[in-house]
Amino acid sequence: MENLNFIIGKNLQYLRKKNKFTQSELGEKLNYSDKAVSKWEKGESLPPIDVFYKISKLYNVSIDSIVGEEKLKTAAIETKDMRKRYLHITLLSILAVWLVALILFVSFDIFAHISTWMCFAWAVPVSFVVGIVFDAIWNKCKFLFWFVSFLVWTLLLCLAVQLLSFNIWKILLIGIPLQIAVIIWSKMVKK
């Protein structure tokens, strides 16, 4: 049994460090002390089964991979492959936004003889909206602050360029309180 405790402890430590948690942070998430987490990682004791379940959900691995000796390495590889796949899907979705903008531009130019170059300008904030959606789904809002900040400023820039008869600086001044709101909101979300 000691050997199994040691294997589980090493796996728990590996997962914690891989996900950049301190023992204290992990303990807080699981409603245990950092001392309990330390004992688990040293193989001195094992967490209850419900904690194994919470840990598996937190790290997005199976309980089997936490308990097993070799399976954790393949789970880590699968996670890396999934992240690459998520990135590719996100990039393809953003490319689809730009393809729609190009199709609109070409269609209006050919059939209506209207230059709609603003399609490309509006594709920028729409791309950030796509980034926000996929970041929320797959990355647990890891880059949400940056995506929302860029979305705010690109929307304001598009409005400023679209409404050239107005003073651009007045429109961009709106961005200052919006950016402050995004900063405050991101601090609330992290806590």
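Given the structure is predicted, the values throughout are model-derived calculations rather than measurements.

**Q** Even after reading the chapter, I still don't get a nonpolar patch on the surface, so can you show me in this structure?
**A** Side chains of Leu173, Ile176, Ile180, Ile184, Trp185, Met188 and Val189 sit close together on the surface and give an oily, nonpolar patch of about 690 Å² of accessible area. If you tally residues by element for the nonpolar patch, the top one is helix α10 (residues 175-190), at six residues. With respect to the helices and strands, the residue Val189 is situated in helix α10. Among the residues examined, Val189 registers a relative accessible area of 47% and is labelled partly exposed.

**Q** Could you clarify how one ought to interpret the side chain of Thr116 in this entry?
**A** Its place among the elements puts Thr116 in the loop between α6 (71-112) and α7 (118-138). Beyond its immediate stretch of four places on either side in the chain, Thr116 contacts Leu104, Phe105 and Phe108.

**Q** Where do I start with the state of the cysteines in this structure?
**A** What is meant by a disulfide is a covalent connection between two cysteines, made through their sulfur atoms. Tallied over the entire structure, the rule returns zero disulfides. Of the cysteine sulfurs around Cys119, a residue in no disulfide, the closest is that of Cys158, at 11 Å.

**Q** How do you make sense of the side chain of Ser56 when you look at a structure like this?
**A** Tracing the backbone shows Ser56 in helix α4 (residues 49-59). A distance of 2.7 Å separates a polar side-chain atom of Ser56 from the backbone oxygen of Tyr53.

**Q** Would you explain helix α2 (residues 23-30) in this entry?
**A** What α2 keeps buried is the set Leu26, Gly27 and Leu30. The buried residues of α2 occupy an angular sector of 100 degrees when projected down its axis, which confines them to one face. Immediately beyond the C-terminal end of α2, within one or two residues, lies Asn31, with a positive phi of roughly 65 degrees.

So, how was this worked out
- Residues numbered from 1 in each chain as written.
- Predicted model: local features only at pLDDT ≥ 70, side-chain atom pairs only at ≥ 80, totals over all residues.
- Heavy atoms only, no water.
- Patch = residues over 30% accessible without salt bridge, like charges linked within 9 Å, V, L, I, M, F, W, Y side chains within 5 Å.
- Areas by Shrake-Rupley, 256 points an atom, 1.4 Å probe, with all protein chains shown as cover.
- Salt bridge = Lys/Arg side-chain N within 4 Å of Asp/Glu carboxyl O.
- Helix = DSSP H or I, 4+ residues; strand = E, 2+ residues; numbered from the N terminus.
- Buried < 20%, exposed > 50% of the residue type's maximum accessible area, 1.4 Å probe, protein only.
- Contact = heavy atoms within 4.5 Å.
- Disulfide = S-S within 2.5 Å.
- Polar contact = N/O pair within 3.5 Å; in protein donor to acceptor, adjacent residues only side chain to side chain.
- Arc of directions from axis to C-beta.

All we've got here are geometric facts, nothing functional implied.
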